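Residues per chain are reported as follows:
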Amino acid sequence: MEFLTSYYGLLCENGSYLLGFILLLLIVGYLGSPFWLWSLLIVAGLYGMGAPMVAIYVVVALCLLFILAPIRRILISAPLMNIMKGFMPKISATERTALEAGVVWAESELFSGKPDFKKLVNEPMPELTQEEKDFLEGPTEELCSMIDDWEVWRTRKLSDEILNFMKQKKFLGMIIPKEYGGLGFSAAAHGEVISKLTTRSLTATITVMVPNSLGPAELLNHYGTKAQKDKYLPRLADGREVPCFGLTEPTAGSDAGSIVSEGILFKGDDGKLKIKLNWNKRWITLAAISTLIGLAFRLKDPEGLLGDAEDLGITCALIPSTTPGVVIGRRHDPMGIPFYNCPTQGHDVVVDAEDSIIGGIKGAGQGWQMLMESLGAGRGISLPSQSAGGIKYAARVASNHAVVRRQFGLSIGKFEGVEEPLARIAGAAYFIEAMRQYTFGALNRGIAPPVVTAMCKYYSTEELRKACNDAMDILGGAGISMGPRNLMAVGYMSLPVGITVEGANILTRTLMIFGQGALRAHPYAFKEVDAIEKKDLKSFDSNLWGHVGHIARNLFRSVVLSATRGYVSSSPVGGAPRRYYQKLAWASASFAVMADISMGLLGGKLKVKEKLTGRFADILSWMYIGMATLRRFEAEGRRKEDLPFLHYSMKHCFIKIQESFDGIFANFDTPVVGWVFRWPIRLWSRLNKINAYISDDLTHEICRIIQTGSEQRDRITSGVYLPDDPTQAMGRMEKAFKLVQESEAIAKKIKKAVRKKELPKQPMSKLIELALEKSIITAEEKAKIAEAEEIRYDAIQVDDFSEAEFVSRT
């Protein structure tokens, strides 16, 4: 007591004891001190300010009431637990399974309000083995060289040669362990193969992607019996079996838990348990050419053969496509992209239960858990890799075109109107790849955080959509004219596919990222709900008061960090990234306290406040992307030349975070508190923005880098398939880009001569000979720029067709 009052005195030499007391409260609150220290501080403050002893004794008694857990539980926590039973959100069995699938990881730090940045910035980044690198540089490059994507589009199929090569080189068995004949690749290697194939053919990419994602191989790896693994995995690895997985139905899309496909258990004449299956599935990739169907269905046990429950729940089984009653062969047409996406039906299909249910009879009713755990990993690999590859490809194609295409005597990339979209593409290429690699660091170690992988799926596919739109704007007529020269159209048309599959993006953002994240990543929320449902007073008491302290700490941190713009926060590194860690700390504290206020005031209603939860999802996700970007910068050696990409990416993240906070403040419609957020706090937020804009100078520098042939440009767009053949569209454009860059100095000589009126104003192609005649350029320079102009002109040509060719697409 004497020490604290003396300390107050030091703080308050001007005589303002109350001011010193408030300052000390802020310090204690900011540091998240324990309740007993708060109690001691309050008592000392009252004593120092001359409060009556009776008041001090009352405060001491109240403090003891909260400090002494057994008394607190009986007098405070038990009544609160009863009150909160009707207020807390109800968790269904399927929701609980989804919440308990996978683990929490970096997102929990960001959700905490006080992230451990030293831990986050030292998370391992993935590294490929030599074998994995060899596969990328060998079979993957070879497969890309075999594919003519225009031919795939025109004929609406992959050739048998390509499909056989995929099987022979085990592209369909990348995730199958070597002991079963697969490649046994890491998540990162699997992703790199998908990323590179994306830059050549989406049809080929999806054909490889699906067998290595959610399906028979993935489920057998984790849950299959030894007999099932021995039987199927070697055949899946070498392509003798082509798998598909039947999950979605006419009435069960994003709400996959509502499937109505049904299996009835019965005892066969041989005394073995059988299942009679009926299903109607749609949007099942590879179904029409599959030999093995993974099927999710609801298993019923009307005769009680496995126990008292009639509805055993969602179950996963393996059904050979040749089984009587199985119907395959028809196809959907997904935006004209000719990968196999199909319906399948089953009519009274009878299979052996032990052999067919994944995991045997013990796997009955465990399908939903299997699916949630598998999707928790898969969402972070396939579509993020496809998207990252697509964005890097768009950056390469758009920057090539921006240099090669000339209007008004200049490469169009020099116009600020083109710089804007080009900078957006290049910036996204950097931060989406950072997010992907950071997530792979966890997945490679067997950490599968479903909230993080949902973020990866949503934001990578959305950024790909924006990048393709921007690229199409830059390419203009060259983007919309279909034919073998077109490098963007097929990818552009395919965008809705990635947005829709593995959880439609709208629901992924509003329900999964924050809906699950609010309970899963929060340090106390799920534990409190769980304790209430289990009537565990001790656990409820511990987590409730831990939660109260958590809110108090984050409230103080949010106020202090907002008032100081984060400058009082520490950073694990120095230099340019330091300021971004401070802003992330500020964003995290504000996010954490706003999330708790929303959960506290809205309770179960928050489930249906999807506009609000979507904005919370955006903040959490952009914090994660920002953290991943900072980690990438460190992992790549803090390259000075990459600072423009770091600055662009972090500023973009904070602008998105600010937009979401403003949206939450403007639309928080609870009584009293809502007014406080809509007016004073919203006004303060507008005056005290985390980040306001990205400068034109920064976007100009990003565009200069991405339009200059260099190691840095190649690194930012790494993994894009670049054919050497100049008769192919990408090879032609790459050669044109290189020659135009190499002849730039020669072109400047000629333009200077035009300005001096030594040469007339004419197109460059007509000035080359005149420039040589007047000794403005040498014969060697003339040959070089003439070649550049010739291939530039060729590169900007678009395809045309005769009427017969146009109609027949031949």
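Note that this is a predicted model, so its numbers are computed, not measured.

Asks: Give me the packing of helix H14 (residues 216-223) against helix H15 (residues 226-237): which residues, what numbers.
Replies: Running from amino to carboxyl end, H14 crosses H15 at an angle of 145°, the nearest separation of the two axes being 10 Å. The chirality of how H14 crosses H15 is left-handed. Contacts between H14 and H15 involve Pro216, Ala217, Leu220 and Asn221 from the first element and Gln228, Lys229, Tyr232, Leu233 and Leu236 from the second. Class assignment of the residues belonging to the contact of H14 with H15 gives a composition of six nonpolar, two polar and one charged.

Asks: Kindly report on the pairing of strand E1 (residues 243-246), identifying the contributing residues and their values.
Replies: Within a regular strand, the side chains alternate between the two sheet faces. Covered by surrounding structure in E1 are Pro243 and Phe245 together with Cys244 and Gly246, the residues of both alternating faces. Direction of pairing for E1 relative to strand E4 (residues 292-300): parallel, over a ladder of four bridges. From the neighbouring strand, Cys244 faces E4, where its bridge partner is Ile293.

Asks: Describe the side chain of Asp541, listing the residues and the values that go with them.
Replies: Mapped onto the elements of the fold, Asp541 is located in helix H25 (residues 537-563). Once residues within four sequence positions are removed from consideration, Asp541 is found in contact with Ala69, Arg72, Arg73 and Ser77.

Asks: Got a sec to walk through the environment of Arg465? Specific residues and values, please.
Replies: Within the fold, Arg465 resides in helix H20 (residues 450-475). Sequence separation of Arg465 and Ser387 is 78 residues, and the distance between their C-alpha atoms is 8.7 Å. Excluding its chain neighbours within four sequence positions, the residues that come into contact with Arg465 are Leu495 and Ile499. One polar contact links Arg465 to Glu462, side chain to side chain, over a distance of 2.9 Å.

Asks: Please provide a residue-by-residue account of a nonpolar patch on the surface, values included.
Replies: Together, Val60, Leu64, Ile67, Leu68, Ile71, Ile74 and Leu75 make up an exposed nonpolar region whose accessible area comes to about 600 Å². Looking at the nonpolar patch, the elements with two or more residues in it are helix H4 (53-67) and helix H5 (69-84). Along the chain, Leu68 turns up in the loop between H4 and H5.

Asks: So, the pairing of E4: which residues are in play, and what are the values?
Replies: In terms of burial, E4 is a largely internal element, eight of the nine residues being buried. Bridge count between strand E2 (residues 262-267) and E4: three bridges; the pairing is parallel. Paired with Ile264 across the strands is Lys300, a residue of E4. Bridging between E4 and strand E5 (residues 311-320) involves nine bridges; their strand directions are antiparallel. Paired with Leu292 across the bridge in E5 is Pro320.

Asks: Outline a negative patch on the surface, listing residues and values.
Replies: Together, Glu416, Glu420, Asp696 and Asp697 line one region of the surface with negative charge. Every element with two or more residues in the negative patch is listed here: helix H19 (416-443) and helix H30 (696-706). Note on placement: Asp696 falls in helix H30.

Asks: Please provide a residue-by-residue account of the environment of Gln658, values included.
Replies: Residue placement: Gln658 occurs in helix H28 (residues 643-667). As a C-alpha pair, Gln658 and Arg73 span 585 residues in sequence and 40 Å in three-dimensional space. When sequence neighbours within four positions are dropped, the list of residues in contact with Gln658 reads Ser685, Asn688, Lys689, Ile690 and Asn691.

Asks: Can you explain the pattern of salt bridges? Please cite residues and give values.
Replies: Scanning the entire structure with this criterion turns up 43 salt bridges. Where Arg715 meets Asp642, a salt bridge forms, and the shortest distance between an N and an O atom there is 2.7 Å. Remark: Asp642 occurs in the loop between helix H27 (610-635) and H28 and Arg715 occurs in helix H31 (residues 711-716); sequence separation between them is 73 residues. The class for Asp642 is buried, based on a relative accessible area of 1%. Look at the salt bridges and you will find they share partners, linking Arg632, Glu636, Arg639, Glu641, Asp642, Glu711 and Arg715 into a network.

Asks: For the environment of Ala576, give the residues involved together with the corresponding values.
Replies: Its location among the elements puts Ala576 in the loop between H25 and helix H26 (578-602). In sequence terms Ala576 and Leu643 are 67 residues apart; their C-alpha atoms lie 8.0 Å from each other. Apart from residues lying up to four places away in sequence, Ala576 is in contact with Leu643 and His647.

Asks: Tell me about helix H29 (residues 673-687), residues and numbers included.
Replies: End to end, H29 covers 20 Å across 15 residues, agreeing with the expected 21 Å (1.5 Å per residue, within 8%). Along its length, H29 shows its largest kink, about 40°, at Ile681. Check the buried side of H29 and you find it contacts H26 and H28.

Asks: Summarise unusual backbone geometry; cite the residues concerned and give the values.
Replies: Phi is positive for Glu502, which is not a glycine, with a value near 55°. Structurally, the position occupied by Glu502 is in the loop between helix H22 (489-500) and helix H23 (505-520). Classification of Glu502 by relative accessible area gives partly exposed; the value is 22%. A positive phi angle, close to 65°, is found at Val672, a residue other than glycine. Position of Val672 among the secondary structure elements: in the loop between H28 and H29.

So, how was this worked out
- Starting afresh in each chain, residues are numbered from 1 along the sequence in its written order.
- It should be noted that, the model being predicted, local features are given only for residues of pLDDT at least 70 and side-chain atom pairs only at 80 or more, the latter also being counted only at that level, while totals for whole chains, interfaces and linings use all residues.
- Note: side-chain values were computed over all heavy atoms of the structure, leaving out hydrogens and water.
- Note on method: axes are straight lines fitted to C-alpha atoms, helices fitted across the in-contact stretch only, with angles between N-to-C directions ranging 0 to 180 degrees.
- Strands here mean DSSP runs of E at least two residues long; helices mean DSSP runs of H or I at least four residues long; both are numbered from the N terminus.
- Working rule for handedness: look at the near helix, and if it is turned counterclockwise from the far one by less than a right angle, call the crossing left-handed; if clockwise, right-handed.
- Only heavy atoms enter the contact rule, under which two residues are in contact if any of them lie within 4.5 Å.
- Residues are grouped as follows: Ala, Val, Leu, Ile, Met, Phe, Trp, Tyr, Cys and Pro are nonpolar; Asp, Glu, Lys and Arg are charged; all remaining types, including Gly, are polar.
- Accessibility here uses a 1.4 Å probe with only protein chains present; expressed as a share of the type maximum, an area under 20% marks a residue as buried, one over 50% as exposed, and anything in between as partly exposed.
- Only when DSSP finds a minimum of two bridges between them are two strands counted as paired.
- As used in this structure description, the phrase polar contact means that two N or O atoms lie within 3.5 Å; if the pair is within protein, one of them must be able to donate a hydrogen and the other to accept it, and residues adjacent in sequence are counted only when both atoms belong to side chains.
- The patches reported here contain residues having more than 30% relative accessible area and no salt bridge. Joining distances are 9 Å for like charges and 5 Å for nonpolar side chains (Val, Leu, Ile, Met, Phe, Trp, Tyr).
- All accessibility values rest on the Shrake-Rupley procedure with a 1.4 Å probe; residue burial counts only the protein chains present in the view.
- One side-chain nitrogen of Lys or Arg within 4 Å of one carboxyl oxygen of Asp or Glu is enough to make a salt bridge.
- A residue counts as positive if it is Lys or Arg and as negative if it is Asp or Glu; His and the chain ends are not included.
- Where a charge lies is defined by one atom per residue type, namely NZ (Lys), CZ (Arg), CG (Asp) and CD (Glu).
- Every helix has an expected span of 1.5 Å times one less than the residues it contains.
- Note that bend, as reported per residue, equals the angle between axes fitted to the 7 residues terminating at that residue and the 7 residues originating from it.

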